[in-house]
Amino acid sequence: MIIGAGPTGLFTVFEAGLLKLKCHLIDALPQPGGQCSEIYPKKPIYDIPAYPEILAGDLTEKLMEQIAPFSPGFTLGERAETLEKQEDGTFIVTTDQGTQHRAPIVAIAGGLGSFEPRKPPIENLVQYESKGVAYFIKNPEQYRNQHVVIAGGGDSALDWSIFLSDVAASVTLVHRRNEFRGALDSVEKVQELKNQGKIRLITPGEVVGLEGEGALSGVRLQAEQGLITLDCDAFIPLFGLAPKLGPIAHWGLEIEKNAIKVDNSLDYQTNIPGVYAIGDVNTYPGKLKLILCGFHEATLMCQSAYKRIYPERRYVMKYTTVGGVEGFDGTKKEAPKAVIKSID
Amino acid sequence: MAQDITLFITDREGKTHQVVAPTDMNMNLMEVVRAHELAPEGTIGVCGGMAMCASCQSYVESDHLLPEQSADELAMLAEAFHVKKNSRLGCQLFVTPDLHGLKVTLAPES
């Protein structure tokens, strides 16, 4: 079981697959790729061996293609909450939505942690959570005929303003300046909806306070004309996501520098036997948070995991040029056989 | 040999550190903070230095002439918290001889 579907977690599936070990990945994000897909999919990476340049999003796609023969399972959009060791030595990981997975080995490839919404520093914000304040939009229908205030300047703020303009009674988008960093199409669409009176835009503006007896009934805004109050049913601050180590920190693992201590001289195992930590989430003397280091750690970790699962077996690592890649889906990739020709 | 410069960095606890940074390594202020461990790992430079997370926001307190802010930096600061007029992203301030004596304070973690 792999916690984290970033590049290191994904490549682990491949290395485990070569050893006939099947993997299941859990990730809090709704898509695989970790930071590569969430933060910088369009940024080029220059230090992946043999790729002089590759976009982070393309790297994720290539990894997904590479591991496809090993048919990994995915539990996406759920955060791993608890880790419990069973009497038989296996582990059960339970997600925030109650999904449970059991496996003999847990590889934590959690990067800098799970992505959590960045909450603006508004004094009574937490008090109104699920009473009008939300950081994600899970069910847009809940905003039907409501007066909604959205804050932020990126793609999610723009996209949800556009979407909710057809659902909500009113949509007000608040941003500290009138330039938006979202996709050009979205910016143009918001402009069009603003011109049609379907979205109210307040820029420069900043929500500085919330009001309401029990449930939210309005927001206080610092705008050009000064402090104003706007009646609303919902306030949705969309300021992106930031990684936090989160529940992993309470699993009894040895933590140092916001990362999990591992034995790098051996196999990247943590202080809990059977639980490994690989990629950006771990720390050891000389640690570098690089994707390529994560790949190396994943490779060594899988060999150790195999020995833990099958202590009685003797095995030596086999090169893919020799053994090919035999997928769990029935596919097989192998080097073409040499053609031997004789000369008459 | 390339010149080293001195920087005065006040951490999030309010303690000021005098540090020396090389000007020939293409380092930025966020990396200097990490190199000297002036903020816990994972709380600064989260995006690696792409002006995409604002975890390295710093308040510039000396009157050094700084390079202009890029569109990326301005956009990120417009979505950051605890922003002041002298806010800059540390990852966008490169260690050059012009910055000798620079005084900055790290913004609170958000």
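> Would you take a moment to explain the sheet that holds strand 5 (residues 103–106) of chain B for this structure?
Sheets are built from strands that pair by backbone hydrogen bonding, the pairs being arranged parallel or antiparallel. Residues and elements named next belong to chain B. In space, the five strands of this open sheet follow the order 2-1-5-3-4, with mixed pairing throughout. For this open sheet the edge positions go to strand 2 (16–22) and strand 4 (87–89), each flanked by a neighbour on one side alone. Across this sheet, the average inter-strand angle for adjacent strands is 40°, counted without regard to direction. Where strand 3 (residues 57–60) lies against strand 5, three bridges are found, and the strand directions are antiparallel. Its bridge partner lying in strand 5, Val60 is registered against Val104.

> Where do I start with the nonpolar core in this structure?
The tendency in soluble globular proteins is for nonpolar side chains to be buried side by side. Core analysis: the largest hydrophobic core is formed by 45 residues, its most contacted members being Ile3, Val106, Ala107, Ile108 and Tyr276 of chain A. It is helix 6 (residues 291–309) of chain A that contributes the most residues to this core, seven residues altogether.

> What should I look at first to understand the packing of helix 4 (residues 155–164) of chain A against helix 5 (residues 184–195) of chain A in this one?
A packed helix pair is summarised by two numbers, namely the angle formed by the two axes and the spacing between the axes. Residue and element names in this part refer to chain A. Between helix 4 and helix 5, the least distance of the axes is 9 Å, while the angle of their chain directions is 40°. Relative to helix 5, the element helix 4 lies oblique. Relative to helix 5, helix 4 is oriented so that their crossing is left-handed. Contacts from Asp155, Leu158, Asp159, Ser161 and Ile162 in helix 4 reach Ser186, Val187, Lys189, Val190 and Leu193 in helix 5. Per-class residue counts for the contact of helix 4 with helix 5 are five nonpolar, two polar and three charged.

> What's the story with the environment of Gly14 of chain B in this structure? I'm lost.
If you trace the backbone, Gly14 of chain B turns up in the loop between strand 1 (4–10) and strand 2. C-alpha of Gly14 of chain B to C-alpha of Val33 of chain B: the two residues are 19 residues apart in sequence and 14 Å apart in space.

> Got a minute to help me understand the packing of helix 1 (residues 7–18) of chain A against helix 6 of chain A in this structure?
All names here are of chain A. The geometry of helix 1 relative to helix 6 is characterised by a closest axis approach of 9 Å and an angle of 35° between their N-to-C directions. Of the two possible hands of crossing, helix 1 and helix 6 adopt the one that is right-handed. Each of Pro7, Thr8, Phe11, Thr12, Glu15 and Ala16 in helix 1 lies in contact with helix 6, whose residues at this interface are Ile291, Gly294, Phe295, Ala298, Thr299 and Cys302. Residues belonging to the contact of helix 1 with helix 6 are distributed by class as follows: seven nonpolar, four polar and one charged.

> How should I be thinking about the interface of chain B and chain A in this particular structure?
The interface is formed by 14 residues belonging to chain B together with 23 residues belonging to chain A. Residue composition of the side of chain B that touches chain A, by class: nine nonpolar, three polar and two charged.

> Could you clarify how one ought to interpret the domain arrangement of chain A in this entry?
Often, the extent of an interface is quoted as the loss of accessible area upon association of its parts. One can read the domain layout of chain A as domain 1 (2–116 + 242–333) and domain 2 (126–239). Taking only C-alpha atoms into account, the centre of domain 1 of chain A sits 37 Å from that of domain 2 of chain A.

> Please explain the sheet that holds strand 6 (residues 80–85) of chain A as it appears in this structure.
Residue and element names in this part refer to chain A. With antiparallel pairing, the three strands of this open sheet are ordered in space as 6-7-8. With partners counted over all chains shown, the strands left at the sheet margins are strand 6 and strand 8 (100–103), one partner each. Across the sheet, the mean angle from the axis of one strand to that of its neighbour is 20°, orientation sign disregarded. Bridge count between strand 7 (residues 91–95) and strand 8: four bridges; the pairing is antiparallel. Within strand 8, the position partnered with Phe91 by the bridge is Ala103.

> Can you walk me through helix 5 of chain A in this structure?
Residue pairs spaced three or four apart in an α-helix point in one direction, given the helix's 3.6 residues per turn. Counted at 1.5 Å a residue, the expected span for helix 5 of chain A with its twelve residues is 16 Å, and the 17 Å between its end C-alpha atoms agrees. Downstream of helix 5 of chain A by one or two residues, Gly197 of chain A has phi in the positive range, about 80°.

Criteria and cut-off values
Residues numbered from 1 in each chain as written. Chains lettered and ligands numbered in written order. Predicted model: local features only at pLDDT ≥ 70, side-chain atom pairs only at ≥ 80, totals over all residues. Pairing = 2+ DSSP bridges. Helix = DSSP H or I, 4+ residues; strand = E, 2+ residues; numbered from the N terminus. Axes fitted to C-alpha atoms, helices over the stretch in contact; angles between N-to-C directions. Core = buried A, V, L, I, M, F, W, Y, C linked by C-beta atoms within 7 Å. Buried ≥ 20, exposed ≤ 12 C-beta atoms within 10 Å, placed from the backbone. Parallel < 35°, antiparallel > 145°, perpendicular 65-115°, else oblique. Left-handed = near helix turned anticlockwise from the far one by under 90°. Contact = placed C-beta atoms within 7 Å. Nonpolar A, V, L, I, M, F, W, Y, C, P; charged D, E, K, R; others polar. Domains from an automatic or database assignment. Expected span 1.5 Å × (residues − 1).

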